[in-house]
Amino acid sequence: MKDPRDIIIRPVITEKAMDLAQKNSQYVFEVHPDAPKPEIKKAVEELFKVHVERVRVINMKPKNKRVRLAQGKTRRWKKAIVILRKGESIPMFEGV
């Protein structure tokens, strides 16, 4: 298994992600593209000392972007929605 800090790249801080965290104890992270669900679950449990019930994974496709005549795409990345046990939370998300 990889180091948990290599699997969890960063938390996703958006309005929708914050709403999920406050209402449903679901937290959104950007994860390593090759990380499977069991590794993501173990990494979150080790880093934040919580119990994970379920992990949902979404592969985000690149979007087309254009600046004047130059065309390109955004990068592709992997997003994980982690569902915790009832009553648990990650304190890092509480103050945002």
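One structure accompanies this document, and this report is about it. It should be emphasised that the depicted structure is a prediction, and the values quoted were computed from it without experimental measurement. (Residues numbered from 1 in each chain as written. Predicted model: local features only at pLDDT ≥ 70, side-chain atom pairs only at ≥ 80, totals over all residues. Heavy atoms only, no water.)

This brings us to the packing of aromatic side chains. Under the counting rule described, the total for this entry stands at one aromatic pair. Seen in terms of ring centroids, Phe29 and Phe48 are 5.7 Å apart; in terms of plane orientation they differ by 25°. Their pairing is stacked. Residue Phe29 is located in strand 2 (residues 26-31), and its partner Phe48 is located in helix 3 (residues 37-48); the two are separated by 19 residues in the primary sequence. A relative accessible area of 21% means that Phe48 is categorised as partly exposed. (Phe/Tyr/Trp six-rings, centres within 6.5 Å; stacked < 30°, edge-to-face > 60°. Helix = DSSP H or I, 4+ residues; strand = E, 2+ residues; numbered from the N terminus. Buried < 20%, exposed > 50% of the residue type's maximum accessible area, 1.4 Å probe, protein only.)

We now examine the nonpolar core. Judged by nonpolar contacts, the single largest core of 19 residues is most densely connected at Ile8, Phe29 and Ile40. Counting only elements with at least two residues in this core, the list comes to helix 2 (15-24), strand 2, helix 3, strand 3 (52-60) and strand 6 (77-84). Ile8 has contacts with Phe29, Glu30, Val31, Ile40, Ala43, Val44 and Leu47, leaving out every residue within four places of it along the chain. Counting five residues, the second-largest nonpolar core is a separate cluster that includes Val12, Ala17, Leu20 and Val28. (Core = buried A, V, L, I, M, F, W, Y, C linked by side-chain atoms within 4.5 Å. Contact = heavy atoms within 4.5 Å.)

Mapping Pro62 onto the fold places it in the loop between strand 3 and strand 4 (64-67). Note: C-alpha distance between Pro62 and Ile90 (28 residues apart in sequence) is 29 Å. Those residues in contact with Pro62 that lie beyond four places of it in its chain are Lys73, Thr74, Arg75 and Arg76.

Moving on, we get to the sheet that holds strand 2. The four strands lie next to each other as 1-2-6-3, forming an open sheet whose pairing is antiparallel. Strand pairing shows two members of the sheet lacking a second neighbour, strand 1 (8-11) and strand 3, which therefore form its edges. Taking each pair of neighbouring strands and ignoring which way they run, the sheet shows an average axis angle of 30°. As defined by bridge partners, strand 1 adjoins strand 2 across three bridges and the pair is classed as antiparallel. Bridge pairing in strand 2 links Ile8 to Val31. Against the sheet, helix 3 makes contact with strand 1, strand 2, strand 3 and strand 6, and its axis sits at roughly 120° relative to strand 3, the strand it touches most. (Pairing = 2+ DSSP bridges. Axes fitted to C-alpha atoms, helices over the stretch in contact; angles between N-to-C directions.)

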